[in-house]
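Architecture and fold: a report
Residues per chain, in single letters:
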Amino acid sequence: MNLLVVKANDRPSSQATTPKMYDAFMEELKQNDNVDVTVYDVYEEDTPYLGQDIFNAYMKLEGHEPLTESEERLFNAQSKARDLFEKADTIAFVFPLWN
(Lines give C-alpha, C1' and ligand atoms only; values in the text may rest on other atoms or scores of the structure.)
Protein backbone atom coordinates (compact mmCIF):
# COMPACT_ATOMS: atom_id res chain seq x y z
CA MET A 1 0.00 0.00 0.00
CA ASN A 2 1.18 3.50 -0.84
CA LEU A 3 0.52 5.91 2.02
CA LEU A 4 0.90 9.65 1.57
CA VAL A 5 1.31 11.55 4.84
CA VAL A 6 0.61 15.25 4.38
CA LYS A 7 2.31 17.02 7.25
CA ALA A 8 0.97 20.51 7.87
CA ASN A 9 2.54 21.32 11.22
CA ASP A 10 5.97 22.80 11.79
CA ARG A 11 5.96 22.84 15.59
CA PRO A 12 8.49 20.64 17.39
CA SER A 13 7.38 17.67 19.49
CA SER A 14 8.56 19.44 22.61
CA GLN A 15 5.96 22.18 22.17
CA ALA A 16 2.78 20.46 21.04
CA THR A 17 0.79 17.24 21.07
CA THR A 18 0.20 16.89 17.32
CA PRO A 19 3.91 16.46 16.47
CA LYS A 20 4.18 13.81 19.21
CA MET A 21 1.26 11.94 17.65
CA TYR A 22 2.91 12.24 14.23
CA ASP A 23 6.19 10.86 15.59
CA ALA A 24 4.40 7.91 17.22
CA PHE A 25 2.44 7.22 14.02
CA MET A 26 5.60 7.25 11.90
CA GLU A 27 7.38 4.92 14.35
CA GLU A 28 4.51 2.43 14.11
CA LEU A 29 4.63 2.57 10.31
CA LYS A 30 8.31 1.57 10.33
CA GLN A 31 7.21 -1.81 11.70
CA ASN A 32 4.89 -2.50 8.75
CA ASP A 33 6.72 -3.73 5.65
CA ASN A 34 3.52 -3.63 3.58
CA VAL A 35 3.29 0.16 3.64
CA ASP A 36 5.35 2.43 1.40
CA VAL A 37 5.27 5.85 3.10
CA THR A 38 5.81 9.20 1.40
CA VAL A 39 5.74 12.38 3.49
CA TYR A 40 4.76 15.68 1.91
CA ASP A 41 5.62 18.42 4.41
CA VAL A 42 3.86 21.60 3.32
CA TYR A 43 6.39 23.68 5.26
CA GLU A 44 9.40 22.03 3.60
CA GLU A 45 8.05 21.73 0.06
CA ASP A 46 7.33 24.50 -2.39
CA THR A 47 3.59 24.66 -1.71
CA PRO A 48 2.09 27.68 -3.47
CA TYR A 49 -1.50 28.78 -3.13
CA LEU A 50 -3.88 27.56 -5.78
CA GLY A 51 -5.15 30.73 -7.35
CA GLN A 52 -5.40 32.72 -10.53
CA ASP A 53 -1.66 32.45 -11.30
CA ILE A 54 -1.80 28.66 -11.65
CA PHE A 55 -5.02 28.90 -13.68
CA ASN A 56 -3.30 31.38 -16.01
CA ALA A 57 -0.41 28.93 -16.41
CA TYR A 58 -2.81 26.15 -17.40
CA MET A 59 -4.47 28.43 -19.95
CA LYS A 60 -1.07 29.27 -21.43
CA LEU A 61 -0.18 25.58 -21.64
CA GLU A 62 -3.43 24.84 -23.45
CA GLY A 63 -2.63 27.64 -25.91
CA HIS A 64 0.95 26.33 -26.34
CA GLU A 65 2.32 29.60 -24.95
CA PRO A 66 5.56 29.70 -22.94
CA LEU A 67 5.30 30.01 -19.17
CA THR A 68 7.09 32.65 -17.16
CA GLU A 69 9.62 31.45 -14.61
CA SER A 70 7.10 32.08 -11.82
CA GLU A 71 4.32 30.19 -13.64
CA GLU A 72 6.66 27.28 -14.33
CA ARG A 73 7.55 27.09 -10.61
CA LEU A 74 3.86 27.06 -9.69
CA PHE A 75 3.06 24.43 -12.30
CA ASN A 76 5.95 22.16 -11.24
CA ALA A 77 5.05 22.43 -7.54
CA GLN A 78 1.38 21.72 -8.23
CA SER A 79 2.27 18.81 -10.51
CA LYS A 80 4.53 17.26 -7.87
CA ALA A 81 1.79 17.40 -5.23
CA ARG A 82 -0.85 16.08 -7.65
CA ASP A 83 1.37 13.15 -8.65
CA LEU A 84 1.87 12.19 -5.00
CA PHE A 85 -1.88 12.26 -4.36
CA GLU A 86 -2.59 10.20 -7.48
CA LYS A 87 -0.01 7.56 -6.52
CA ALA A 88 -1.36 7.18 -2.97
CA ASP A 89 -3.76 4.44 -1.98
CA THR A 90 -4.35 6.13 1.37
CA ILE A 91 -3.76 9.69 2.57
CA ALA A 92 -3.22 10.80 6.17
CA PHE A 93 -3.28 14.48 7.11
CA VAL A 94 -1.30 15.73 10.11
CA PHE A 95 -2.38 19.19 11.23
CA PRO A 96 -2.56 21.08 14.51
CA LEU A 97 -5.74 21.29 16.51
CA TRP A 98 -5.82 24.79 17.98
CA ASN A 99 -8.05 24.51 20.99
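For the structure, check the block above.
Described below are features of the structure shown in this document. Predicted model, so just to flag it, every value in this text is computed and none were measured.

Attention now goes to the sheet that holds strand E2 (residues 36-41). An order of E2-E1-E3 is seen for the 3 strands of this open sheet, with the pairing classed as parallel. With one partner strand each, in any of the chains shown, E2 and strand E3 (90-94) form the two edges of the open sheet. Neighbouring strand axes in the sheet, compared pairwise and without regard to direction, differ in orientation by 20° on average. In the packing of helix H1 (residues 17-30) onto the sheet, contacts are made with strand E1 (2-7), E2 and E3, and the angle to E1 comes to roughly 165°.

Inspection of every chain in the model, using the stated rule, returns 7 salt bridges. A salt bridge links Asp-41 to Lys-7; the nearest nitrogen and oxygen atoms lie 3.9 Å apart. Placement of the pair is Asp-41 in strand E2 and Lys-7 in strand E1, with a sequence separation of 34 residues. A single burial state applies to Asp-41 and to Lys-7, both of which are buried.

Basis of the calculations
Residues numbered from 1 in each chain as written. Predicted model: local features only at pLDDT ≥ 70, side-chain atom pairs only at ≥ 80, totals over all residues. Heavy atoms only, no water. Pairing = 2+ DSSP bridges. Helix = DSSP H or I, 4+ residues; strand = E, 2+ residues; numbered from the N terminus. Axes fitted to C-alpha atoms, helices over the stretch in contact; angles between N-to-C directions. Contact = heavy atoms within 4.5 Å. Salt bridge = Lys/Arg side-chain N within 4 Å of Asp/Glu carboxyl O. Buried < 20%, exposed > 50% of the residue type's maximum accessible area, 1.4 Å probe, protein only.

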